[in-house]
Amino acid sequence: MPAQRNRKRLLPASTPEQPTQPAVHRMGGAALARHLMDPARDVTVVVLSHIPEQVFRIDAQVLASRLGAEAAVIEVTNGPDTHQLEKGLPPQLHIFGTGARVYPSGKLWQARVPRPHVPHHAGQLPALYDTLEHEVLAAQHPEPAPPVTAPVPVLSEAIVKGFLADDRAMVELVSSGEQALIRSEDLLPGIPLNWLIAKGQQLSGLLDPATHALDIKTLLLPRPSPVTVYQNGDVALARVKNVYPSYATVELWPGSDFRIGVERISSNDLDSAQDLLTEGEVVRVRVLYENGAVVLSMLDVDDDESAVPPPALLRGGPPWLDLDRPYASIFTTCPAVTSPPPETADDDGEPGLSGAELSQQEALLSPAQRRTALQSTQMQLVTARRTIDELMAAAKRQGATDKVARALQDQLVDERRSSAELARKLHAAEHQVEALRAELAKTKASLVQIRQQRRSATSRSENAPETLFLDPTEQFSFELRNAWAQVVPATEKSLHPLGKFTVGPVFLDSLADLTTQQRAKSLRAAVELVAHWKGPLHKREPHILRLNDGAQAPPTLRGEDVCWRLYVEQGTAGALRLHYWKLKEGGIELHAVVTHDVLKP
């Protein structure tokens, strides 16, 4: 017995064979759609989608080990890949987010695809693996399908989580945490979704359980009237829709088109609207009401003048226009220009033209000559190929002798040499055309910047004051009345005449330190104050200047006169304020224009 026990101890231990791990495949959306739609596919497929930036995900290797050879496990990345997968599959068969779905095989597999599974935390994974294993087993032995009933849309609350593209937004349902899609074609086709809704916004709509699409068209706001959004003289944002030499068409919101003549775009009679504006550009315009009609103008609008926020197109959404948002480029991207192939020697050993000599010859041709040469080269190439075909057919048909065959062979060599030369010229012409297209795109892009700079310079030059009086007080009175005549419409001048006012001892000195644009803004604020123009004056928030920051601090007094202040600028560094005294006997004394941090008269 001891000998047998020792003999067993000396035998080498047998090593168990390691089972091979089932492979997990990773595919793009378009390739995966083609694989699933392949009529020859005879294997059940389990598709797992995952969000790249999300830490929590379904373990594909664990699932593949449990399924073994019963099904193939394929991973796809949420985003453009799942979007392509949705396009390549029939409706209601897609998957997105962090989810899993089983796709059976066979001729009628589309009718037997189970619904997608979207787990929300790691604790749900064991049950999910059991469910998927059961669905794969059921796919191998399909049961008779029950009658299909159309799913009923459900009213749901959701929060916007992000944007997959201009026409797709991902939301999370508040009740269940599941993910759904919002599609731009269900709202306003042609308007990007991030112009309608914002990330983090909570909204409600009808959820289609079959497609997991959330329909929020009931949140679309009716198209407003300009008088309900803008007051006379307000600066608004508008999008340029069409541009012609004598006028341009802009829209304050989709479907509200307004025409601006070139005389209201530039004061230069020689300017063309096409030289100043670009289709698709977002610009500032001043909204005026003249004789009951809405009139837009760009003549007196400063680049730094604050604009009234554009309206939202969807209830609770962001303003539909934003100067900081890039508008779509009007230029198409030109294909990369490839270098011409290196020059090879001819059949007889003689080298052709070098690249430098070819470039010099191309530079001598005008654009019209290049187009003519390109067409001529193409025609010659077609003729040469036709001649070659005819010669080859003639040689076969006639059964030529060696001498005739040699002559035909020499002619064929010449034709091929000529054809190669024509092909090189054609390639060089195409190369130069592509280079010219790229240069044209750069020129157009530079033109857009120059137009914007020109509009800005024109606006600044038009606002520059002209000194007509030696006495500063007389000059200010003239500028104030001139500004009142330009700002207050003719129909309202009788309602808002310039009231009684005086100029304090330091007021004109404070104006002298301002820039041209700041002086123009100060004059406009003084006009609205002296004329007591309640609408615009209300926006400047006139209030008493108190002795300190306390809410109950006493007002600043000069005898029985009270010191007030109002906004000249808002939202800029060192914004200006106008200080003035309300006199006991009536009237106003303009005291000084100061920055917002000056709290003493």
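Residues numbered from 1 in each chain as written. Predicted model: local features only at pLDDT ≥ 70, side-chain atom pairs only at ≥ 80, totals over all residues. Heavy atoms only, no water.

## Looking at the packing of helix α2 (residues 29-36) against helix α4 (residues 80-88)
Phase 1: Where α2 contacts α4, the axes come no closer than 7 Å and their chain directions differ by 30°. Between α2 and α4 lies a crossing of right-handed hand. Residues Gly29, Ala30, Leu32, Ala33 and Leu36 of α2 form the contact with α4, whose own contacting residues are Asp81, Gln84, Leu85 and Gly88. (Axes fitted to C-alpha atoms, helices over the stretch in contact; angles between N-to-C directions. Helix = DSSP H or I, 4+ residues; strand = E, 2+ residues; numbered from the N terminus. Left-handed = near helix turned anticlockwise from the far one by under 90°. Contact = heavy atoms within 4.5 Å.)

## Things to note about the pairing of strand β2 (residues 44-50)
Phase 1: Most of β2 sits inside the fold, with 7 of its 7 residues counted as buried.
Phase 2: Bridge analysis of β2 against strand β3 (residues 71-77) gives 7 bridges, and the strand direction is parallel. Paired with His50 across the two strands is Thr77, which belongs to β3.
Phase 3: You can see the chain leave β2, run along helix α3 (residues 60-67) and come back into β3, and the turn it takes is right-handed. (Buried < 20%, exposed > 50% of the residue type's maximum accessible area, 1.4 Å probe, protein only. Pairing = 2+ DSSP bridges. Right-handed = clockwise from strand over helix to strand, strands pointing away.)

## So, α3
Phase 1: Buried residues of α3: Ala60, Leu63, Ala64 and Leu67, and no others. Projected down its long axis, α3 carries its buried residues within an arc of 100°, all on one side.
Phase 2: In this structure, the buried residues of α3 make contact with β1 (24-26), β2, β3 and α5 (125-140).
Phase 3: Taking the backbone nitrogen of Gln61 as reference, a side-chain oxygen 3.1 Å away marks Asp59 as the first, capping residue of α3.
Phase 4: Following α3 by one or two positions, Gly68 has its phi on the positive side, about 60°. (Arc of directions from axis to C-beta. Polar contact = N/O pair within 3.5 Å; in protein donor to acceptor, adjacent residues only side chain to side chain.)

## Topic: the packing of α3 against α5
Phase 1: Running from N to C, α3 and α5 cross one another at 40°; their axes reach a closest spacing of 10 Å. Put simply, α3 runs oblique to α5. Here α3 runs over α5; the crossing is right-handed. Facing α3, whose interface residues are Val62, Leu63, Arg66 and Leu67, α5 presents Pro126, Tyr129, Asp130, Leu132, Glu133 and Val136.
Phase 2: Along the lines of polarity and charge, the residues of the contact of α3 with α5 split into 7 nonpolar, no polar and 3 charged. (Parallel < 35°, antiparallel > 145°, perpendicular 65-115°, else oblique. Nonpolar A, V, L, I, M, F, W, Y, C, P; charged D, E, K, R; others polar.)

## Some remarks on the sheet that holds strand β14 (residues 293-297)
Phase 1: One open sheet holds the 5 strands; their spatial order is β12-β11-β10-β13-β14, and the pairing between them is antiparallel. Strand pairing shows two members of the sheet lacking a second neighbour, β12 (257-261) and β14, which therefore form its edges. Ignoring strand direction, the axes of neighbouring strands in this sheet form an average angle of 50°.
Phase 2: Of the pairings in the sheet, the one linking strand β10 (residues 235-243) to strand β13 (residues 282-290) comprises 5 bridges and is antiparallel in character. Of the residues in β13, the one forming a bridge with Ala236 is Val285.

## Let's talk about a nonpolar patch on the surface
Phase 1: Side chains of Leu468, Phe469 and Phe478 sit close together on the surface and give an oily, nonpolar patch of about 250 Å² of accessible area.
Phase 2: Within the secondary structure, Phe478 sits in helix α11 (residues 472-487).
Phase 3: For Phe478, a relative accessible area of 34% corresponds to the partly exposed category. (Patch = residues over 30% accessible without salt bridge, like charges linked within 9 Å, V, L, I, M, F, W, Y side chains within 5 Å. Areas by Shrake-Rupley, 256 points an atom, 1.4 Å probe, with all protein chains shown as cover. Salt bridge = Lys/Arg side-chain N within 4 Å of Asp/Glu carboxyl O.)

## Describing the confidence of the model for the protein chain
Phase 1: Of the residues in the protein chain, 83% have a pLDDT of 70 or more, and the chain-wide mean is 82.
Phase 2: Taken together, the stretch residues 1-15 has pLDDT below 50 and engages in 0 contacts with residues farther than four places along the chain or on a different chain.
Phase 3: A low-confidence stretch, residues 328-364 stays under pLDDT 50, and its non-local contacts, those more than four residues away or across chains, total 34 contacts. (pLDDT = per-residue confidence, 0-100.)

## Some details on unusual backbone geometry
Note: most residues except glycine have negative phi, and most peptide bonds are trans.
Phase 1: Positive phi is not limited to glycine here, since Asn291 has a value of about 55°.
Phase 2: Inspection of the secondary structure assignment puts Asn291 in the loop between β13 and β14.
Phase 3: Unlike most non-glycine residues, His532 shows phi in positive territory, near 50°.
Phase 4: Structurally, His532 is set in the loop between α13 (516-530) and α14 (534-539).

## Describing the pattern of salt bridges
Phase 1: Tallied over the entire structure, the rule returns 24 salt bridges.
Phase 2: Across the salt bridge formed by Asp234 and Lys539, the nearest N and O atoms sit 2.4 Å from each other. Highlighted residues: Asp234 in the loop between α6 (226-229) and β10 and Lys539 in helix α14, separated in sequence by 305 residues.
Phase 3: Measuring nitrogen to oxygen at the nearest pair gives 3.2 Å for the salt bridge that ties Glu560 to Lys584. Here the residue Glu560 occupies a position in the loop between β17 (557-558) and β18 (561-567), and Lys584 occupies one in the loop between β19 (576-582) and β20 (588-595), the gap between them amounting to 24 residues. The exposure classification of Glu560 matches that of Lys584, with both residues exposed.

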